[in-house]
Amino acid sequence: MGESIGRPMVEVRNVSKSYHRDSIEIPVLQQINIAVPEGEFLALMGPSGSGKTTLLNLIAGIDRPTSGEVIVQGTNIGQLNESALARWRASHIGFVFQFYNLLPVLTAFDNVELPLLLTNLSKSERRNRVELALKLVGLADRMAHYPKQLSGGQEQRVAIARAIVTDPTLLVADEPTGDLDKVSAGEIMDLLDRLNKEFRKTIVMVTHDPRAAEKAHTVTHLEKGELA
Amino acid sequence: MKIPLSYSWRSLWTRRLTTTMTLAGLALVVFVFAAVLMLAHGIEVALIDTGSDDNAIVIRRSSTSELVSQIERDAANIITTLPQIARGADGKPQASTETYVLINLEKKETGDMGNISVRGISPGAMQLRPQVRLTEGRMFRFGTDEIIIGQNIARRFQGCEIGQTIRFGESDWVIVGHFAAQGSAFESEIWGDVEQFMPSFGRPVFSSVTVRLRNPEEFTRFKASVEQDPRTQMGDVKREREYYREQSALMSSFVRILGLLVTFIFSIGAVIGAVITMYAAVANRTVEIGTLRALGFRRRSVLGAFLVESTLLSLIGGSVGIGLAALMSFVRISTTNFGSFSELGFGFALSPSIITASFVFAVTMGLIGGFFPAVRAARLNILTALREA
Ligand SMILES: Nc1ncnc2c1ncn2[C@@H]1O[C@H](COP(=O)(O)OP(=O)(O)OP(=O)(O)O)[C@@H](O)[C@H]1O
Ligand SMILES: [Mg+2]
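Computed from a predicted model, the values in this text were never measured in an experiment.

Caption draft 1: Region of the structure containing the interface of chain A and chain B. Contact with chain A, which involves 25 residues of that partner, is made by 22 residues of chain B. Across the chain A/chain B interface, buried area totals approximately 2200 Å², and carbon plus sulfur atoms make up 66% of it. Considering only the surface of chain A that becomes buried against chain B, L103, V105 and L118 of chain A emerge as the three largest contributors, covering 25% of it. Remark: the boundary between chain A and chain B carries 3 salt bridges.

Caption draft 2: Quick look at the pattern of salt bridges. A complete count under the given rule lists 39 salt bridges over all chains for this structure. Notably, a salt bridge pairs D110 of chain A with R10 of chain B, separated by 3.2 Å at the nearest N-O pair. In this pair, D110 of chain A is assigned in helix α3 (residues 108–113) and R10 of chain B in helix α1 (residues 5–14), connecting two distinct chains. With relative accessibility at 17%, the residue D110 of chain A sits in the buried group. Among the salt bridges present, the one from E98 of chain B reaches R119 of chain B, with a minimum N-O distance of 2.7 Å. Placement of E98 of chain B in strand β2 (residues 95–106) and of R119 of chain B in strand β3 (residues 113–121) is noted, with a sequence separation of 21 residues between them. Pair check on accessibility: E98 of chain B and R119 of chain B agree, each one buried. Bridged by salt links that share partners, the residues R61, K223, E227, D236, K238 and E246 of chain B form one connected network.

Caption draft 3: How the structure looks around the environment of A270 of chain B. Residue and element names in this part refer to chain B. Along the polypeptide, A270 turns up in helix α8 (residues 240–284). Accessibility expressed as a relative area gives 9% for A270, which makes it buried. Separated by 243 residues in sequence, A270 and A27 place their C-alpha atoms 8.9 Å apart. Contact partners of A270, with chain neighbours within four places excluded, come to G25, L26, V29 and M365.

Caption draft 4: Geometry of unusual backbone geometry. All names here are of chain A. Even without being a glycine, E175 presents a positive backbone phi close to 50°. The topology assignment puts E175 in the loop between β7 (170–174) and α6 (182–199). The phi dihedral of R200 is positive, around 55°, even though this residue is not glycine. Structurally, the position occupied by R200 is in the loop between α6 and β8 (202–206).

Caption draft 5: Local environment of α6 of chain A. Residues and elements named next belong to chain A. The terminal C-alpha atoms of α6, which comprises 18 residues, lie 25 Å apart, in line with the 26 Å expected from a rise of 1.5 Å per residue. All buried positions along α6 are accounted for by S184, A185, I188, M189, L191, L192, D193, L195 and N196. As for α6, its buried residues are in contact with β3 (41–45), α4 (123–136), α5 (152–164), β7, β8 and α7 (210–214). The backbone nitrogen of V183 lies 3.0 Å from a side-chain oxygen of the residue at the head of α6, namely D181. R200 lies just past α6 and shows a positive phi near 55°.

Caption draft 6: How the structure looks around empty space enclosed by the protein. As enumerated under the stated definition, the model contains 3 cavities of 30 Å³ or more in all. If you add up the space inside the second largest cavity, you get close to 50 Å³. Lining the second largest cavity are R89, A90, I93, G94, F95, P115, R162, A163 and T166 of chain A together with A294 and L295 of chain B. Listing elements by their share of the lining of the second largest cavity, those giving two or more residues are α2 (82–92), β6 (93–96) and α5 of chain A together with α9 (286–295) of chain B. Considering every element that reaches the lining of the second largest cavity, the biggest residue donor is β6 of chain A, with 3 residues. For the lining of the second largest cavity, the class distribution of residues is 7 nonpolar, 2 polar and 2 charged.

Caption draft 7: Quick peek at the environment of A84 of chain A. As for its placement among the helices and strands, A84 of chain A is situated in helix α2. For the pair A84 of chain A and G74 of chain A, spaced 10 residues apart in the sequence, the C-alpha separation amounts to 15 Å.

Caption draft 8: Up close: the sheet that holds β7 of chain A. Residues and elements named next belong to chain A. Taken in spatial order, the 6 strands make up an open sheet running β6-β7-β8-β3-β9-β10, and their pairing is mixed. Taken across any chain shown, the strands that pair with only one partner, and hence form the sheet edges, are β6 and β10 (226–227). As defined by bridge partners, strand β9 (residues 218–223) adjoins β10 across 2 bridges and the pair is classed as antiparallel. When the bridges of β10 are listed, E223 appears paired with E226. Of the strands in this sheet, β3, β6, β7, β8 and β9 touch helix α1 (residues 52–60), which is tilted by about 155° from β7. Its contacts with the sheet place α5 against β6 and β7, and it is angled at close to 170° to β6.

The rules behind the values
Counting starts from 1 at the beginning of each chain's written sequence and moves along it residue by residue. Think of it this way: whatever chain is written first is A, whatever ligand is written first is 1, and the rest follow in order. Owing to the predicted nature of the model, reporting of local features is limited to residues with pLDDT of at least 70; listing and counting of side-chain atom pairs is limited to 80 or more, with chain, interface and lining totals taken over all residues. With hydrogens and water excluded, all non-hydrogen atoms of the structure serve as input to the side-chain values. Contacts were defined at the residue level, with two residues in contact if any of their heavy atoms lie within 4.5 Å. Take the accessible area each of two parts loses on contact, using a 1.4 Å probe, and add the two losses: that sum is the buried area. One speaks of a salt bridge when a side-chain nitrogen belonging to Lys or Arg is within 4 Å of a carboxyl oxygen belonging to Asp or Glu. Counting from the N terminus, the helices are the DSSP runs of H or I reaching at least four residues and the strands are the DSSP runs of E reaching at least two. Working definition: with a 1.4 Å probe on protein chains only, accessible area under 20% of the residue-type maximum means buried, over 50% means exposed, and in between means partly exposed. The span you would expect from a helix comes to 1.5 Å times its residue count less one. Each polar contact in these results corresponds to two N or O atoms within 3.5 Å; when the atoms are within protein, one needs to be able to donate a hydrogen and the other to accept it, and residues that are neighboring in sequence are counted only if both atoms are side-chain atoms. For cavity detection a 1 Å grid was placed over the protein atoms alone, and a set of points counts as a cavity when a 1.4 Å probe fits there but cannot get out; an open set counts as a pocket when protein lies on both sides within 12 Å along at least five of seven lines, with lining residues being those that have an atom within 4 Å of a point. Grid points are joined across faces, edges and corners, and a volume is the space filled by probe spheres set on the points. All amino acids are sorted into three groups, where Ala, Val, Leu, Ile, Met, Phe, Trp, Tyr, Cys and Pro are nonpolar, Asp, Glu, Lys and Arg are charged, and the leftover types, Gly among them, are polar. When DSSP finds two or more bridges between two strands, those strands count as paired. Here the axes come from fitting lines to C-alpha atoms, over the contacting stretch only for helices, and the angles between their N-to-C directions go from 0 to 180 degrees.

Next comes the structure, spelled out in C-alpha cells:
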C-alpha cells in the first residue's frame, strides 16, 4: 500500500554508480529511478552482484552516486560534506546488517546506546530509550549480556534495537535474515513487519529470501545494475 | 570524544595477552627512565642535603672543591671572627677551620682500594652540623689521635671497627666512634682533630672555613666582608648548600645523560611494540570501525578512540614502571663520586617531578605508538571496512 503524502520519503533519480579498479571502470548501477513513499516496506531482490547492496548504501548515505541524485526527505544527500553526512546518518538512518555488526566488547545495552551518544540526550533519557528499544525487541532481560552470550537471532534483535533507538526516518537492512535459521529469520521478519505497521517505520531491505520478501509491500528486482 | 572510554578499555582487556606484553615493554622502559632520574636525584639529595642554609663555606677562589683549596691560618683567623657569625653558648664563634684530604683504604667485599675523604675539624664543627649523630662509640677528643668514621665507610671498608687503628698521614689513628648524618656525604668521611691532621699530612694551611651565620640573610654581608678585606680576598664564599650542589652536578649530570640515552634507545623498542599492537588492533577491528562510522561517528572520534586506547596502555605501563621504580627507593649505593674522587653513598630518590616526568614519558610513548595506527583507523573507507565482514 504505502500512500505518499506529497513527496516520497526516498527518491533515487537517474542514479548510476561505477567503481574504479586500477584504471578500469566497473559499472555497477545504471540509471536507477526509485521512489519510496513514507511508511513503505520495500524489498530489493536480485542475483548476487546485481548491485543491491550498492543501491542500499547510496540510499543510506554511506556511499555517493557517480551521477544522479539521492533525495531523502527533501535533502539531496549527495551535496552534504562528509561530516554533515555523518550527522545526517546518525539522525535519519537505522542500519541492520547481515552479520549484526555489534561491538563485541560492549554489552547489549551499550551497543544500543551507541547511536544516542551522538545526540544531546541526557544519561537518564538515553537509559529510558535504550530500555524501551530493548523491550520492544523482547530482550529487556538481556541488557547486560555481551554479543557472544546471545544467539544469532538475539544479536540481530539487539542490532534492530540499535537501529530504532534514535527513532530514525528510515531503516535500511542488508540481508537481515541471511545468517539466521528459519525460526530466527521468521522472528526477525515479524519484528520488522511490526515496526513497519505499528510504528510506521519506512524500511528498505535487501534480501535473497522469498519468505522474507513476502512481508514487504513492494518487491523490486535488480538485474545487472538495472531495475527489472 | 563521542566513542565511550569503556570501548577502548574493554578492547584492551579483550586481547589480554598482547596487551600484557606491550604493557610489560612500556613498564620496563618507564622503570629504567624513572630509576635513572631517581639515581641522579639521589646523588643530588645526598650532596645537597649535606649543606645547610644557615652555613657558609669559604674556599680559595677558583678552587672547584675543598680538595684543592688552601686557606692560610691568618686569613682563617680573620674570617672566623667576623661579626655575622653566630656565637655558641660559650660565646665563641660557631666556625670550623678544616682540612680535607683523600686517603686509600681496602674495600671489604672486593679488596680493591678506594678513596676516602678525611676531614679535620675544629671544636665548633659539631654545632654547624646538627645532622651528625654518633651511632656507636663516642666522639673523639680534640688534641688526641682519635677519629670517628662515617657509617657508610664503616660498612664498606676494612679495619673500621671501633678500637681498630688506621694508618694514614704519618700516624696511626684510633677509631672511637661511628656516625650517621642523615644519608648525606659526611657519612662517607672520616673525622678527626684538624690540628692533629695538619702536621701529620705536612700541610701548614687549612682547606676551608665553614661558619654558621647569625641568620641566613647575613650571607651577602659576610661574603662582602671576606671578599673585600685584602687579607682574606683570596677566599670565595658560598652558601654551603650551593657548594654541595656544585659538587653533585658532574656526577648527577653524567648519570642522567647516560641513563636517558640508554632509556631513549629502549623506548624505541617499546614504541615499536605499541605500534605493532595497535596496528593489529586496527586490523582486527576493521568491521567495528566501519560500523561506528556508518552509525555516524566521525573520523576524529575513531582517531580519538584508538589514541585513548594506546594512552590507556601507556598509563598502565607507566604506573607499573613507576611502582617498580619506587621499590628502588630501598636500595642504597656507594661508589666513587667523580666530582670529588671520593666514596659517596646515596640512594634512589623519588620526587613528584620524577613521577610527572615518567608519566609524561609514558604517555608520549603511547601517543607516538598509537598515532599512525589511529590515523589508519580514521582513514578507513566505510564501505571497504564494512566489506571485511
Ligand atoms: N568498492 C568496490 N570496488 C569495486 N567493485 C565493487 C565495490 N563494491 C561493489 N563492487 C562490485 O559491484 C557489484 C555489485 O556489488 P553489490 O555488493 O552491490 O552486489 P549485491 O547485489 O549486493 O550482491 P550480493 O547479493 O552478493 O550481496 C559487484 O560486481 C561487486 O564486485
Ligand atoms: Mg550485497
